[in-house]
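If you want the building blocks of each chain, they are given just below.
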Amino acid sequence: MKKISATFCLKSNLKPKAMGGIIQKSKKYWESDASFITLLVMLLFTVFFLPILIDQKDNSTYFLNTMFIMLFLIGMFSAREKFFFIMAAVLVVIHIVLRLIRFSEIPYEFYFEERVVILLNLMVFTVINFRLLFRDSEVNLYRVIGAINVYLLVALMGSFGFELMQLLSGNAISGSLEFKGNDRDFGNYIYFSLVTVTTVGFGDMLPGNISSKMLSVFLSTFGILYPAIVIAKLVSTAPTRARK
């Protein structure tokens, strides 16, 4: 009987240790340069392929919700400072709770509040990645990929910024579009944000009020200056370090 109890206690102690080891390994990976590649794949899927899936299939919005929760969990694991870890963890918990409320049978939807939390989460995630990008003053291919990740994260922030303005005023974006006021609008918002950040400006969608105009100008300015200053600097510095 004692042997059985000892074996059970040993297995019980091993489970928390094993779980702790998995968490530590995950955190170590997401703090490493190699994680920039995985994050890039996830962001490319979110930004460029999810809008197509959402447009073609009604139930594909679940992929969108799942992807953002995964991204924000990654942001929590990527945080090296305790302050950013706590902030990311709190926002992730609030985000999950709001999602569960929206998809439950409770007759309340905090859609606008949920969008605010997503935007705050993206801001924290972007700051965490920006700090990882320039840590240790090291330059390599992974850091260039990390710079692209920050660029895409800013585009995502812009999309939710436009959505919040549209939900508040109803005229933040003008054009021959009909917004549904739910997850299915994600494709239009990210499209407008990307067109603005890249300064392409097709003209099919336009900022409709002063708030969205100022956000458009900010995103356009960022889209011009960021690649010129950050990515170009990383690429030009890499050969010099390699020769050393």
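The following paragraphs examine the structure supplied in this document.

Quick notes on the rules
- Residues numbered from 1 in each chain as written.
- Predicted model: local features only at pLDDT ≥ 70, side-chain atom pairs only at ≥ 80, totals over all residues.
- Heavy atoms only, no water.
- Salt bridge = Lys/Arg side-chain N within 4 Å of Asp/Glu carboxyl O.
- Helix = DSSP H or I, 4+ residues; strand = E, 2+ residues; numbered from the N terminus.
- Buried < 20%, exposed > 50% of the residue type's maximum accessible area, 1.4 Å probe, protein only.
- Axes fitted to C-alpha atoms, helices over the stretch in contact; angles between N-to-C directions.
- Parallel < 35°, antiparallel > 145°, perpendicular 65-115°, else oblique.
- Left-handed = near helix turned anticlockwise from the far one by under 90°.
- Nonpolar A, V, L, I, M, F, W, Y, C, P; charged D, E, K, R; others polar.
- Core = buried A, V, L, I, M, F, W, Y, C linked by side-chain atoms within 4.5 Å.
- Phe/Tyr/Trp six-rings, centres within 6.5 Å; stacked < 30°, edge-to-face > 60°.

Overview of the pattern of salt bridges
Per the stated rule, a full pass over the model turns up ten salt bridges. The salt bridge involving Glu114 is made with Arg102; its shortest N-O contact spans 2.7 Å. Taken together, the positions of Glu114 in helix α5 (residues 111–133) and Arg102 in helix α4 (residues 82–102) put the pair twelve residues apart, joining distant regions of the chain. The residues Glu114 and Arg102 share a single accessibility class, namely buried. Residues joined in a network through salt bridges with shared partners are Arg99, Arg102, Glu114, Arg115, Glu163 and Asp183.

Quick notes on the packing of α5 against helix α6 (residues 141–169)
Where α5 meets α6, the axes come as close as 9 Å, and the angle between the chain directions of the two elements is 160°. Viewed along their axes, α5 and α6 adopt a mutual orientation that is roughly antiparallel. Considering only the axes of α5 and α6, their crossing is left-handed. For the contact of α5 with α6, a count of residues per class yields 21 nonpolar, four polar and three charged.

What about unusual backbone geometry?
Phi at Thr199 is positive, roughly 55°, even though this residue is not glycine. With respect to the helices and strands, the residue Thr199 is situated in the loop between α7 (186–197) and β2 (205–207).

Some thoughts on the environment of Pro227
Examined against the element boundaries, Pro227 turns out to sit in helix α8 (residues 210–243). For Pro227, a relative accessible area of 28% gives the class partly exposed. Through-space distance from the C-alpha of Pro227 to that of Ala147 is 8.5 Å; in sequence the pair is 80 residues apart.

Digging into the nonpolar core
Ranked by size, the top nonpolar core spans 59 residues in total, and within it Phe68, Leu71, Leu122, Leu156, Phe186 and Tyr226 carry the most contacts. Elements represented by at least two residues in this core include exactly α2 (35–56), α3 (61–78), α4, α5, α6, α7 and α8. Element by element, the count of residues in this core is highest for α6, at 13 residues.

Quick look at the packing of aromatic side chains
Within the structure shown, the criterion is met by 14 aromatic pairs. Aromatic pair Phe160 and Phe186: ring centres 6.2 Å apart, planes at 40°, arrangement tilted. Of the two residues, Phe160 is situated in helix α6 and Phe186 in helix α7; the sequence distance between them amounts to 26 residues. One exposure class covers both Phe160 and Phe186, and it is buried. Three or more aromatic residues joined by ring pairs form one cluster here, namely Phe68, Phe72, Phe160 and Phe186.

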